[in-house]
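# Observations on the model geometry
Here are the chains, one letter per residue:
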Amino acid sequence: FFFSSRRRHTRCREVSWARRCVQETAKIYISNPTWPNHMHVFKTSGLTNQAFYPYYDSAHNSFDFKGMTDTIWKAEQGSIILLHGCAHNPTGIDPTKDQWNEIADICEKKSLIPFIDLAYQGFATGNLNNDAFAPRMFLQHGLNFLVAESFAKNVGLYAERIGALHVVCPDPEIAGKVLSNIQMDIRGIYSNPPCQGARIVGRILKNPTYFEEWKKELSMVSTRIKKMRKLLLNALIARRTPGAWIHILHQIGMFSYTGLSEKQCMYLMEKHHVYLMKSGRISCLLYTSDAADDTPCVDLGGRRSIKK
């Protein structure tokens, strides 16, 4: 797909077979916070031994790199480390390239198994290659790892839930065994899934004209998201909203962690019908230039915000 490999890899839509790759007691480390469904997905797949590594520094609205690396350094050999490949959901904060390299070093030295969730390729920077930096870099480190890739957002096939699972194996023999296990589980889960979504994605990827058109559209979407972030930041500054809001511009992808508390979020929803996650996460895609021109201030009890 979007990262080359000298090794053989296999692809499928489900991850329930992943428990076969590790011991039944293997622990999976998940970022805190993360996509809420991650815990349920892995629990129902048989990976019930779950732990969390710090990811978000709420005091500074930034990436808690030290907290994360300190935790995974202590992880048991053979543990799975769930990573967001780009546009971390829900914080919108990604590691730098140097930080990704250090994370890969720890996984290599500790014999950990990276599991990369790549749900927003092209939505982070607007460039497919840039957003595939993490898995490509893990490949260069010689690691065995998995990438769960989704086309739900970047191809606009949300209802189809089309995606792929890439498994990087040490040699063709093991790759063949992994493929065999995947095929057995597929037979027992859905056997033959609907093919409309896969055919749409396949047509885009195989046709050079469609592929180039798709890349341009991804760039347009990403550029608009960045523009909406800047408009939101400017609106907050123009209304002299107390607090530091520059993190909204520095975050990446569809979502932004505003830094608002649960109490403030509830106040916005109950008193002003401004709906957002209780965690303070908002979707930057929903903000518009018209909203930026018409946003009055809302008193949040000591801290003001804008009402969309």
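Since the structure is predicted, the reported quantities are computational estimates derived from the model, not experimental observations.

Attention shifts here to the pairing of strand β3 (residues 50-54). Across the two faces of β3 the burial differs, with A51 and Y53 buried and Q50, F52 and P54 not buried at all. In terms of strand pairing, strand β2 (residues 28-32) meets β3 through 5 bridges, oriented parallel. Each residue of the ladder has a partner; that of Y29, found in β3, is A51. Read from β2 through helix α1 (residues 37-44) to β3, the crossover connection turns out right-handed.

Next up on the list: the confidence of the model for the protein chain. For the protein chain, mean pLDDT is 86; residues scoring 70 or higher make up 86% of the total. Mean pLDDT across the elements of the protein chain bottoms out in strand β1 (residues 9-10) (39) and peaks in helix α2 (residues 65-73) (98). Taken together, the stretch residues 1-15 has pLDDT below 50 and engages in 65 contacts with residues farther than four places along the chain or on a different chain. Between residues 301-308, whose pLDDT stays under 50, and residues either more than four places distant or in other chains, the model counts 39 contacts.

This part takes up the nonpolar core. Counting 50 residues, the largest nonpolar core has Y53, I81, L83, I103, Y120, F138 and F145 as the members making the most contacts within it. In terms of residues, this core owes the most to one element, helix α3 (residues 97-109), which gives 5 residues. The contact partners of I103, leaving out residues within four places of it in the chain, are F65, M68, I72, L83, P95 and F138. By size, the runner-up hydrophobic cluster in this structure holds 16 residues, among which are I28, L82, A148 and V167.

Using the criterion set out here, one finds 8 aromatic pairs in the structure. Between F42 and F115 the ring centres are 5.5 Å apart and the planes differ by 90°, which places this aromatic pair in the edge-to-face class. Within this pair, whereas F42 is found in helix α1, its partner F115 is found in strand β7 (residues 113-118), the two being separated by 73 residues in sequence. Assessed through its relative accessible area of 4%, F42 is described here as buried. The interplanar angle of 90° and the centroid separation of 6.2 Å between the aromatic rings of Y120 and F255 together place this pair among those described as edge-to-face. One end of the pair, Y120, is in the loop between β7 and α4 (128-131); the other, F255, is in strand β10 (residues 255-257), and 135 residues separate them in sequence. Directly above the aromatic system of F255 lies the positively charged group of R281, at a separation of 3.8 Å from the ring centroid.

As for its position among the elements, W73 is in helix α2. Spatially, the C-alpha atoms of W73 and K109 are 9.1 Å apart, while their sequence positions differ by 36 residues. Excluding anything up to four places from it in sequence, W73 contacts I106, K109 and K110.

A word on the pattern of salt bridges. Under the defined criterion, the tally for this structure stands at 4 salt bridges. Between K177 and E173 there is a salt bridge; the shortest N-O distance is 3.7 Å. With K177 and E173 both in helix α6 (residues 172-189), this residue pair falls 4 residues apart, about one helical turn. In this structure E173 comes out as exposed when scored by relative accessible area, which is 55%.

To continue, consider the side chain of Q99. One can find Q99 in helix α3. At 2.8 Å, the side chain of Q99 forms a polar contact with the backbone nitrogen of T96. Filtering out sequence-adjacent residues up to four positions away, Q99 remains in contact with F63 and F65.

Cut-offs applied
Residues numbered from 1 in each chain as written. Predicted model: local features only at pLDDT ≥ 70, side-chain atom pairs only at ≥ 80, totals over all residues. Heavy atoms only, no water. Buried < 20%, exposed > 50% of the residue type's maximum accessible area, 1.4 Å probe, protein only. Helix = DSSP H or I, 4+ residues; strand = E, 2+ residues; numbered from the N terminus. Pairing = 2+ DSSP bridges. Right-handed = clockwise from strand over helix to strand, strands pointing away. pLDDT = per-residue confidence, 0-100. Contact = heavy atoms within 4.5 Å. Core = buried A, V, L, I, M, F, W, Y, C linked by side-chain atoms within 4.5 Å. Phe/Tyr/Trp six-rings, centres within 6.5 Å; stacked < 30°, edge-to-face > 60°. Lys NZ or Arg CZ within 6 Å of the ring centre and 35° of its normal. Salt bridge = Lys/Arg side-chain N within 4 Å of Asp/Glu carboxyl O. Polar contact = N/O pair within 3.5 Å; in protein donor to acceptor, adjacent residues only side chain to side chain.

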